[in-house]
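# Descriptive analysis of the structure
Each chain, letter by letter, is given below.
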Amino acid sequence: MINLTETQKEKLNEVWESIQPDSIEYLDRNFNNIAPQLLVFLILSLISNETIEIGIFIGDGVKGSCVSFDVYNSDKQLTLKLQEDDDFEIELLLYDFDQEEKKYSYTLSKSDIESIPPGLSNIMKNVRDEGESKCVIKNSLTK
């Protein structure tokens with residue numbers, strides 16, 4: 001489980017809030033460096049909710065399960081994906097000033113994956129294998 005100080009949580013929130021349409025050049029150069037921080041931000045955001053929707057995705061010849069952090073009326077979305085080959089990926093979708101979609105993705109390393117609560121990983125595998133979305137309570141993510 002991720003244990004962070006309030007200062008560390010604030011820093012993660014600052015990283016998320018700094019991602020705006022004018023960040024595209026920075027993200028083009030540095031996304032792989034900040035992706036692990038975004039993963040921790042996503043997990044902290046998920047476990048602060050009472051329930052979490054874990055869905056399925058199909059695209060580019062790949063399918064699997066996913067869970068997203070998406071703020072209503074925001075031009076960005078952060079998604080954790082589990083693919084058929086058991087690779088985890090973090091994906092950031094961002095819309096530029098012209099409302100053109102820009103997608104960034106990062107395949108998680110073994111050490112990145114260790115920050116994912118075992119319950120979340122297991123439920124994502126279950127959703128992927130069954131091909132059916134689930135809504136789960138946050139207590140089941142840490143088991």
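Relevant structure appears above.
About the thresholds
- Residues numbered from 1 in each chain as written.
- Predicted model: local features only at pLDDT ≥ 70, side-chain atom pairs only at ≥ 80, totals over all residues.
- Heavy atoms only, no water.
- Axes fitted to C-alpha atoms, helices over the stretch in contact; angles between N-to-C directions.
- Helix = DSSP H or I, 4+ residues; strand = E, 2+ residues; numbered from the N terminus.
- Parallel < 35°, antiparallel > 145°, perpendicular 65-115°, else oblique.
- Contact = heavy atoms within 4.5 Å.
- Nonpolar A, V, L, I, M, F, W, Y, C, P; charged D, E, K, R; others polar.
- Pairing = 2+ DSSP bridges.

## With respect to the packing of helix 1 (residues 6-18) against helix 2 (residues 24-47)
- It is the contact of helix 1 with helix 2, at a shortest axis distance of 9 Å, that shows an interaxial angle of 110°. Of the possible angle classes, the one that applies to helix 1 and helix 2 is roughly perpendicular. Contacts between helix 1 and helix 2 involve Lys9, Leu12, Asn13, Val15 and Trp16 on the former and, on the latter, Gln37, Leu38, Val40, Phe41 and Leu44.
- Each residue belonging to the contact of helix 1 with helix 2 can be placed in one class, and the counts come to seven nonpolar, two polar and one charged.

## Re the sheet that holds strand 6 (residues 134-137)
- One open sheet accounts for six strands, arranged 5-4-3-2-1-6; its pairing is antiparallel. Among the strands making up the open sheet, the edge pair consists of strand 5 (101-107) and strand 6. When strand polarity is set aside, the average angle formed by the axes of neighbouring strands in this sheet is 30°.
- In the sheet, strand 2 (residues 62-70) pairs with strand 3 (residues 76-83) via seven bridges, with the strands oriented antiparallel. Within strand 3, the position partnered with Cys66 by the bridge is Lys81.
- Those strands touched by helix 2 are strand 1 (51-59), strand 2, strand 3, strand 4 (88-95) and strand 5, and its axis lies near 70° from that of strand 5.
- Helix 4 (residues 118-130) rests against strand 1, strand 2, strand 3, strand 4 and strand 6 of the sheet, and its axis sits at about 75° to strand 3.

The values are spatial; any link to function lies outside them.
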